[in-house]
Amino acid sequence: MIDTEIIRKQFPILERSVAGKPLVYLDNTATSQAPLRVVREIERIYTTTRANVHRGVHTLSQEMTNLQEECREKVREFINASSIEEIVFTRGATESINLVANSFGSSFKAGDEVILTVMEHHANIVPWQLLRDRTGIVLKVVDIDEKGELDLEKYKSLFTDRTVLASFCHVSNVLGTINPIKEMTAYAKSRGVAVLIDGAQATPHLKVDVQDLDCDFYVFSAHKMYGPSGIGVLYGKKQRLEKMPPWQGGGEMISVVTFAHTTFADLPFKFEAGTPDYIGIAAFAKAIDFMEEVGVKEMEEHEMALCSYAEKGLREIEGIRIYGEASKKGPVISFLLNNVHPYDLGMLLDKQGVEVRTGHHCAMPLMERLGIPGTVRASFAVYNTIREADTLISAVSRAAAILT
C-alpha cells in the first residue's frame, strides 16, 4: 500500500498555497510534478558535471555521456525494448510523432492511407495532416461510442490494401479510455500495416511492454512521468529505424561529412541531431527510479482508486455530466456542470486552491464529436490523496451553488 505522506515529502511544491488555500494539484495529465531527486540531479550536473556528450575525451564529457546513456538503458528496461538502438531521445511525444511522420512517412505516396481515431491529441493529428498536404495521403478516422470506447469493427473495416499506418493513443487524455491496443496492433500487423502508439498518457500510470505489444513505434514524454520538461522518447523497432532516413541534419547524427556526400551515424544517433538536453535526459533517469521504487502497478491502483472515489462524489452534484465512461479508464475525470463554461468553473476552483485543466485539451475533433466546447479535467498522480479528492468534490459543489 502506498504511503502518500512519505511520497508527498519528495514534492515541496505540494506544500504551497494558492489563493490562501492549500494547493490541490489535479492537472497531472498535462504535467506531473517532479520529485526532489530529479531537481537535485539537474542542480548537481549543472554545478559539477556539465559538458557536451559524445564529443570529448576529457573527464566531464565522458561522465556526462555515461549519464545520458545510462538513462537510455533505463528507458529500454522500463518499456522492455530489445536494444538501446531502439531508444531515440526527442523533445517530447509531439516531436517523436513528427519524426515518424517526416521520416517513415517520407515513403508514403498519394492515396496511401493512415488510420487515426477521433480521440487523438492534436500531436497525433496535425503531423499527418501536414504529410497529407504534401503527399496526398488519405486520413481515416475511427469513431467512438457513447461510453467513449472505440468501435473496433469500424476500425477493422477501415483497412484496405492502401493502408500503411495505424496511429492511435494508448490512453485518451480527455476521456481516460484505455484502448485495446494489443488487439488493435495485432489486427494491423495481420494486414501488414505499421503501428504507432501515442503512450504519453499511459507510461505515467501503466506498465508498458513494447515487445509484448509488437508495435512499430511507441512515443512518450518525461514531463508526464515526474521528469523534466523538454525530454521525450521514440521507441522504434530496429528494422524500421534502420530503413528510415534522418529527419534533421547536423552534428552527432553523422559518420563522415564532405561537401560531396555525408554518411550517417548508427542507431539511435542517426535521429539525434545537434546537442541534446543531456542534463534533462540524465534527470529523467531519476524520475524512472522514483516510479520503479514506488511500483508502477501500485501507482496505478492508488490513482484509479482515487479517481473512482472522486468520480462517485462528483456524480452526486446536481447538473454534473461526466465524459468518458469506458470499462477501462485511466485516472482522468472530464466533466461539465450544467451550462457553465469550463473556464468559469475552472477559475472558481482555482480560487479554492484546486488546479484543474479547462478547455479542449488539444483534442478539438473529439470535442466536436461530443458536441461541447471543452471540459473541466481533473487528473490524478501518485502523490494525490483522498483528502484532495474530497476538496475537489466540495469545491465543485460550492462553485455549483454560485454558478447555477
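Model, not experiment: these values are computed from the prediction.

Each value, and the rule that gives it
- Residues numbered from 1 in each chain as written.
- Predicted model: local features only at pLDDT ≥ 70, side-chain atom pairs only at ≥ 80, totals over all residues.
- Heavy atoms only, no water.
- Helix = DSSP H or I, 4+ residues; strand = E, 2+ residues; numbered from the N terminus.
- Buried < 20%, exposed > 50% of the residue type's maximum accessible area, 1.4 Å probe, protein only.
- Contact = heavy atoms within 4.5 Å.
- Areas by Shrake-Rupley, 256 points an atom, 1.4 Å probe, with all protein chains shown as cover.
- Lys, Arg positive; Asp, Glu negative; His and termini not counted.
- Charge placed at Lys NZ, Arg CZ, Asp CG, Glu CD.
- Phe/Tyr/Trp six-rings, centres within 6.5 Å; stacked < 30°, edge-to-face > 60°.
- Lys NZ or Arg CZ within 6 Å of the ring centre and 35° of its normal.
- Salt bridge = Lys/Arg side-chain N within 4 Å of Asp/Glu carboxyl O.
- Axes fitted to C-alpha atoms, helices over the stretch in contact; angles between N-to-C directions.
- Parallel < 35°, antiparallel > 145°, perpendicular 65-115°, else oblique.
- Left-handed = near helix turned anticlockwise from the far one by under 90°.
- Nonpolar A, V, L, I, M, F, W, Y, C, P; charged D, E, K, R; others polar.
- Pairing = 2+ DSSP bridges.

Colleague: Give a detailed account of the overall build of the protein, specifying residues and quantitative values.
Modeller: Scanning the protein for helices and strands turns up 14 helices and 17 strands. Dimensions of the protein, computed from the C-alpha atoms along their principal axes, are close to 70 × 55 × 35 Å. Counting across all 404 residues of the protein, residues that qualify as buried make up 56%. The long-range fraction of contacts in the protein, counting pairs at least 24 apart against all pairs at least 6 apart in sequence, stands at 71%. Counting only carbon and sulfur atoms, one obtains 51% of the accessible surface of the protein, whose full area is about 17000 Å². Charged side chains of the protein number 44 positive and 53 negative; the gap between the two group centres comes to 2 Å.

Colleague: How would you sum up the packing of aromatic side chains? Please name residues and give values.
Modeller: Within this structure, the stated rule accounts for twelve aromatic pairs. On the basis of an interplanar angle of 65° and a centroid distance of 5.2 Å, the ring pair of Tyr 226 and Phe 290 is categorised as edge-to-face. Of this pair, Tyr 226 sits in the loop between β9 (217-221) and β10 (232-236) while Phe 290 sits in helix α10 (residues 278-294); the two residues are 64 residues apart in sequence, bridging distant segments of the chain. Both residues of the pair, Tyr 226 and Phe 290, count as buried. A connected cluster of aromatic rings, assembled from ring pairs, spans Phe 11, Tyr 226, Phe 290 and Tyr 383. Over the ring of Phe 78 we find Lys 207, and its NZ or CZ is 5.0 Å from the ring centre.

Colleague: Would you mind going over the pattern of salt bridges in detail, with residue names and values included?
Modeller: Opposite charge on two side chains allows them to pair when their charged atoms are near. Enumeration over the complete set of coordinates arrives at 25 salt bridges. Residues Arg 37 and Glu 293 are paired through a salt bridge, measuring 3.0 Å at the closest nitrogen-oxygen approach. Of this pair, Arg 37 sits in helix α2 (residues 36-48) while Glu 293 sits in helix α10, and the two are 256 residues apart along the sequence. With a closest N to O distance of 2.6 Å, Arg 91 and Glu 95 form a salt bridge. For Arg 91, a relative accessible area of 62% gives the class exposed. Relative accessible area serves as the criterion here: at 14%, Glu 95 is assigned to the buried category. Among the charged side chains, a network of salt bridges with common partners joins Glu 311, Arg 315, Glu 325 and Lys 329.

Colleague: Explain the packing of α2 against helix α3 (residues 59-79) to me, using residue names and the numbers behind them.
Modeller: Contact pair α2 / α3: the axes reach a minimum separation of 11 Å and the direction vectors enclose 160°. By the angle between their axes, α2 is roughly antiparallel relative to α3. Here the hand of the crossing between α2 and α3 comes out left-handed. Each of Glu 41, Arg 44, Ile 45 and Thr 48 in α2 lies in contact with α3, whose residues at this interface are Leu 60, Met 64 and Leu 67. Tallied by class, the residues present in the contact of α2 with α3 amount to four nonpolar, one polar and two charged.

Colleague: Tell me about the sheet that holds strand β6 (residues 138-142), and name the residues and values.
Modeller: Read from one edge of the open sheet, seven strands run β4-β10-β9-β8-β7-β5-β6, paired in mixed fashion. The sheet terminates laterally at β4 (87-90) and β6, the two strands that pair on one side only. Sheet twist, expressed as the average angle between the axes of neighbouring strands with direction ignored, equals 20°. Pairing of strand β5 (residues 113-117) with strand β7 (residues 163-169) involves three bridges; the strand directions are parallel. Within β7, the residue paired with Glu 113 across the bridge is Thr 163. Contacts from helix α7 (residues 181-190) reach β7 and β8 (194-198), with the element oriented near 160° to β8.

Colleague: I'd like to hear about the sheet that holds strand β16 (residues 357-359), residue by residue, with values.
Modeller: Pairing within the open sheet is antiparallel, and its four strands lie in the order β13-β14-β17-β16. Since the sheet does not close on itself, it has two edges, and those belong to β13 (320-323) and β16, each with one partner. The mean angle between the axes of side-by-side strands here comes to 30°, regardless of whether they run parallel or antiparallel. Here helix α12 (residues 342-350) sits on the sheet in contact with β14 (332-337), β16 and β17 (375-379), set at roughly 160° to β16.

Function cannot be read off these values alone, since they describe shape.
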